Amino acid sequence: MSERSELFDRHSEVLFRRTDARVGELAVRRLDPEADAPTVHAWVTHPKAVFWMMRDADVAGVAKEYREIVDHPHRDAFLGLVNGRPAFLVERYDPARVELAGRYDAEEGDAGMHFLCAPAETPVHGFTLAVITTVMELLFADPATRRVVVEPDVRNTAVHALNAAVGFEVAGTVALPDKDALLSVCSRARFLAATGAVSPAVSPATVSPAVSAAVSAAASAALAAEKGVRE
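The sections below set out a description of the structure shown in this document. Please read these numbers as outputs of a predicted model, since none were measured by experiment.

About the cut-offs
Residues numbered from 1 in each chain as written. Predicted model: local features only at pLDDT ≥ 70, side-chain atom pairs only at ≥ 80, totals over all residues. Heavy atoms only, no water. Helix = DSSP H or I, 4+ residues; strand = E, 2+ residues; numbered from the N terminus. Buried < 20%, exposed > 50% of the residue type's maximum accessible area, 1.4 Å probe, protein only. Contact = heavy atoms within 4.5 Å. Areas by Shrake-Rupley, 256 points an atom, 1.4 Å probe, with all protein chains shown as cover. Expected span 1.5 Å × (residues − 1). Arc of directions from axis to C-beta. Core = buried A, V, L, I, M, F, W, Y, C linked by side-chain atoms within 4.5 Å. Salt bridge = Lys/Arg side-chain N within 4 Å of Asp/Glu carboxyl O. Pairing = 2+ DSSP bridges. Axes fitted to C-alpha atoms, helices over the stretch in contact; angles between N-to-C directions.

All right, on to the overall build of the chain then. Scanning the chain for helices and strands turns up 6 helices and 8 strands. N-terminal to C-terminal, the α/β element order of the chain is β-β-α-α-β-β-β-α-β-α-β-β-α-α. Looking at the chain residue by residue over its 231 residues, the buried ones come to 49%. Counted over contacts in the chain with a minimum sequence separation of 6, partners at least 24 positions apart contribute 63%. Carbon and sulfur atoms form 53% of the exposed surface of the chain, whose accessible area is close to 11,100 Å².

Structure (structure tokens):
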């Protein structure tokens, strides 16, 4: 993976935002491991977060885990907001160097991803789809990202269906130290085709015109390449 673009400047506040017709405004900022630990702790220890594998963690343990992530050269963590309130967690990593290193055929421009929605008292129809769409647009807003790679637990059928809805293709099963994973990949072109998106809806306040132009150009090139391969 190449160096981060200015979209992922470690000193930025809100990095990305988009609006979903049913859910409202979704925004992403960099995670503060210590300040956000109580919020994240409540999410990762919830019974619905069993596949996150942090059910027994305490607040200090969560802060330590995410301090290591944000300080790591090949990993990042972000907090997602929905209408201004914390609502989801995102991890971004370089799968060629961590998590999947040596376990799959890595390509230049691969970005690994994990996401977790906060437990909802009242479920909102389309909420999880809006979140994963936002996460994918965030990752593809970096022109360096050509594919997103995920490795959910083979038992997590709900997320498998969600991944398929935004364009992921199953590449096979991978045995990881803590789980058997369903390795799946999604190119920029497959994501755009699956979601009907034209280009990532990046806030003008956080990304320069040069980056926005590069995103649009990369999306057009990816679509053209995909068309050539499939036809």
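Looking now at helix α2 (residues 59–71). Over its 13 residues, α2 extends 18 Å from the first C-alpha to the last, a length consistent with the 18 Å expected when each residue adds 1.5 Å. For α2, the complete set of buried residues consists of V62, A63, Y66, I69 and V70. Projection of α2 onto a plane perpendicular to its axis shows the buried side chains occupying an angular sector of 125°, all on one side. Turned more than 90 degrees from where α2 packs its buried face, A60, K64 and D71 sit exposed. Its buried side turned inward, α2 meets α1 (37–44), β3 (75–82) and β4 (85–93).

Here we take up the nonpolar core. Membership of the largest hydrophobic core comes to 32 residues, with the highest contact counts inside it found for F88, M113, F115 and M136. In terms of residue count, helix α3 (residues 127–140) provides more of this core than any other element does, 9 residues in total. Counting 19 residues, the second largest nonpolar core, distinct from the first, contains V44, L79, L81 and L89.

What follows deals with the pattern of salt bridges. Where charged atoms from two side chains of opposite charge approach closely, those side chains can pair. Evaluated as defined, the whole model comprises 16 salt bridges. In this structure, D94 engages R97 in a salt bridge whose closest nitrogen and oxygen atoms are separated by 2.5 Å. Under the relative-accessibility criterion, R97 is labelled partly exposed at 44%. Among the ionic pairs, R155 bridges to D153, the shortest N-O distance being 2.9 Å.

Although it is not a glycine, M53 sits at a positive phi angle of roughly 60°. Among the structural elements, M53 can be located in the loop between α1 and α2. Assessed through its relative accessible area of 41%, M53 is described here as partly exposed. Despite not being glycine, N83 has its phi angle at roughly 55°, a positive value.

Before going further, it helps to spend a moment on the sheet that holds strand β1 (residues 14–20). Pairing between the strands of a sheet is mediated by backbone hydrogen bonds and can be parallel or antiparallel. Strands sit in the order β1-β2-β3-β4-β5-β6-β8-β7 across an open sheet of 8 strands; the sheet is mixed. The strands lining the two open edges of the sheet, one partner per strand, are β1 and β7 (169–176). Ignoring which end each strand starts from, the neighbouring axes of this sheet average 30° apart. Here strand β6 (residues 147–150) pairs with strand β8 (residues 179–187) via 4 bridges, running antiparallel. By the bridge assignment for β8, V150 is matched with S184. The sheet contacts of α1 involve β3, β4 and β5 (110–117), and relative to β4 the element is tilted by about 85°.

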